[in-house]
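Residues per chain are reported as follows:
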Amino acid sequence: MTIEWLKKTAALAALSYIQPEQLLGIGTGSTVNYFIEALATCRIPIKGVVSSSQASTRQLQALGIPILDSNRVTMLDSYIDGADEVDPHKQLIKGGGAALTGEKIIAAMARHFICIVDHGKQVSRLGQFPVPVEVIPMAREYVTRELIKLGGHPVYRRGVVTDYGHLIVDVHRLMIRDPCTLEQQINGIAGVVTVGLFAHRGADTVLVGTPDGVQIIV
């Protein structure tokens with residue numbers, strides 16, 4: 001039983017939450033890729049999808065799933081995405097794939113956020129995985145200095161440019177006692193586009209692939 005199998009079982013479980021004629025948001029990453037493949041195979045007649053990244057858009061288009069412009073959509077019925085970490089309160093760290101800004105926008109637009117993960121992503125407290133921060137290029141060093149003041153060890157993710165032309169700084173060794181407060185503090189730094197803490201808008205439902213089946217956390 002591999003990690004990939006656990007990801008796939010969580011992704012397949014999310015299909016039961018999808019109804020005909022819904023508007024969906026789709027995230028980015030290896031677990032989401034399994035969901036996209038399954039969505040195309042099961043042929044639920046959805047209205048369309050708002051995609052969080054160019055990578056997911058390419059996969060969706062290749063499978064014939066209609067893409068929607070987020071600016072022409074008022075609200076999404078469901079948003080399906082993975083996470084790098086999930087705590088018991090369904091708060092998340094996301095952005096390992098550098099698509100956090102699109103993901104945060106879609107999460108805000110969705111009535112129901114379904115997070116699909118393997119059990120290795122579950123943690124008692126967020127922070128073992130470095131917290132990604134998307135920054136405007138001219139602000140990289142300033143933001144880095146401010147993140148050090150918050151107790152983190154920021155590392156520039158070299159060679160990575162986001163879909164929006166920004167950079168990623170990964171913050172290691174952060175003590176995340178209050179994810180909501182820290183999310184607000186980092187978002188308040190000049191030059192930060194957004195931070196990969198999904199605490200104010202966490203998941204509504206988490207589907208966890210485990211060796212004993214899919215665990216549902218609501």
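As the structure is a prediction and not an experimental result, all values here were calculated from the model. (Residues numbered from 1 in each chain as written. Predicted model: local features only at pLDDT ≥ 70, side-chain atom pairs only at ≥ 80, totals over all residues. Heavy atoms only, no water.)

Observations regarding the overall build of the chain
Quick note on the threshold: Per the convention used, a helix needs a DSSP run of H or I reaching at least four residues, while a strand needs a run of E reaching at least two, with both numbered from the N terminus. Radius of gyration: over C-alpha atoms. The globule rule applied is 2.2 Å multiplied by the number of residues raised to the 0.38 power. Think of it in three bands: with a 1.4 Å probe and only protein chains considered, a residue is buried below 20% of the maximum accessible area for its type, exposed above 50%, and partly exposed in between.
Within the chain one finds six helices and 13 strands. In terms of C-alpha radius of gyration, the chain reaches 17 Å, essentially the compact-globule figure of 17 Å for 218 residues. Principal axes of the C-alpha set define a box for the chain whose edges measure 50 × 40 × 30 Å. Relative to its full complement of 218 residues, the chain shows a buried share of 53%.

Points about the sheet that holds strand β11 (residues 197–198)
Going by this rule: Each pair of strands is called paired provided DSSP finds at least two bridges between the two strands.
Taking strand neighbours across the sheet as the criterion, the three strands line up as β4-β5-β11 in an open arrangement whose pairing is antiparallel. Looking at which strands have only one partner, the edges of the open sheet turn out to be β4 (85–86) and β11. The pairing of strand β5 (residues 92–93) with β11 spans two bridges and is classified as antiparallel. Bridging across to β11, L92 finds its partner in F198.

Here we look at a nonpolar patch on the surface
We apply this condition: Like charges within 9 Å and nonpolar side chains (Val, Leu, Ile, Met, Phe, Trp, Tyr) within 5 Å are joined into patches, using only residues over 30% in relative accessible area that form no salt bridge. Shrake-Rupley sampling with a 1.4 Å probe provides the accessible areas, and residues are treated as covered by the protein chains on show and by no other component. Salt bridges, as used here, are contacts in which a Lys or Arg side-chain nitrogen is within 4 Å of a carboxyl oxygen on Asp or Glu.
Together, V214, I216 and V218 make up a nonpolar patch on the protein surface, roughly 280 Å² of accessible area in all. On the secondary structure map, V214 appears in strand β13 (residues 213–217).

Considerations on the pattern of salt bridges
Taken as a whole, this structure holds 10 salt bridges when the rule is applied. The salt bridge involving K104 is made with E183; its shortest N-O contact spans 2.9 Å. Here E183 lies in helix α6 (residues 179–187) and K104 lies in helix α4 (residues 100–109), a separation of 79 residues in the sequence. We note that K104, like E183, is buried. Among the salt bridges present, the one from K149 reaches E146, with a minimum N-O distance of 2.9 Å. Here E146 and K149 lie together in helix α5 (residues 140–149), a separation of three residues that amounts to about one turn. Its relative accessible area of 65% is what places K149 among the exposed residues. Connected through shared salt-bridge partners, D81, K94 and E103 make up one network.

Let's talk about the state of the cysteines
Test applied: The criterion for a disulfide is a pair of cysteine sulfur atoms lying within 2.5 Å.
Following the criterion strictly, the structure yields zero disulfides and no others. Summary of cysteine pairing: C42 is not part of a disulfide, and the nearest cysteine sulfur, belonging to C115, is at 20 Å. Residue C42 is classed as partly exposed on the basis of its relative accessible area, which comes to 34%.

Focus on the sheet that holds strand β7 (residues 131–135)
The test is simple: In this description, a line fitted to the C-alpha atoms serves as the axis of each element, helices being fitted only across the stretch in contact, and the angle between N-to-C directions of two axes falls anywhere from 0 to 180 degrees. Pairs of residues are marked as contacts when any of their non-hydrogen atoms sit within 4.5 Å.
If you walk across this open sheet you meet the four strands as β8-β9-β7-β10, and the pairing is antiparallel. Each end of this open sheet is capped by a strand with a single partner; those strands are β8 (153–156) and β10 (192–195). Direction aside, the axes of adjacent strands within the sheet are offset by 30° on average. With three bridges connecting them, β7 and β10 associate as antiparallel partners. For E134, the partnering residue across the bridge sits in β10 and is T194. Contacts from α5 reach β7, β8, β9 (167–172) and β10 within the one sheet, and its direction differs from that of β9 by about 15°. Together, β7 and β10 form the strand contacts of α6, whose direction differs from that of β10 by roughly 165°.

Looking at helix α1 (residues 3–14)
The test is simple: By this rule the span expected of a helix is its residue count minus one, scaled by 1.5 Å.
When the terminal C-alpha atoms of α1 are compared, their 17 Å separation across 12 residues agrees well with the 16 Å that a helix rising 1.5 Å per residue should span. Looking at the buried positions of α1, the neighbouring elements they touch are α2 (30–42), β3 (76–81), β6 (110–118), β12 (205–210) and β13.

Describing the packing of α2 against helix α3 (residues 54–62)
Where we set the bar: For this classification, under 35 degrees means roughly parallel, over 145 means roughly antiparallel, 65 to 115 means roughly perpendicular, and everything else is oblique. By definition, turning the near helix anticlockwise from the far helix through less than a right angle yields a left-handed crossing, and turning it clockwise yields a right-handed one. Throughout, the ten residues Ala, Val, Leu, Ile, Met, Phe, Trp, Tyr, Cys and Pro are labelled nonpolar, Asp, Glu, Lys and Arg are labelled charged, and all others, Gly among them, are labelled polar.
Relative to each other, α2 and α3 sit at 20°, their axes nearing to 10 Å. Here α3 runs roughly parallel to α2, going by the angle between their axes. For the element pair α2 and α3, the recorded crossing hand is right-handed. Listed contacts from α3 to N33, I36 and E37 of α2 are S56, Q59 and L60. Residue composition of the contact of α2 with α3, by class: two nonpolar, three polar and one charged.

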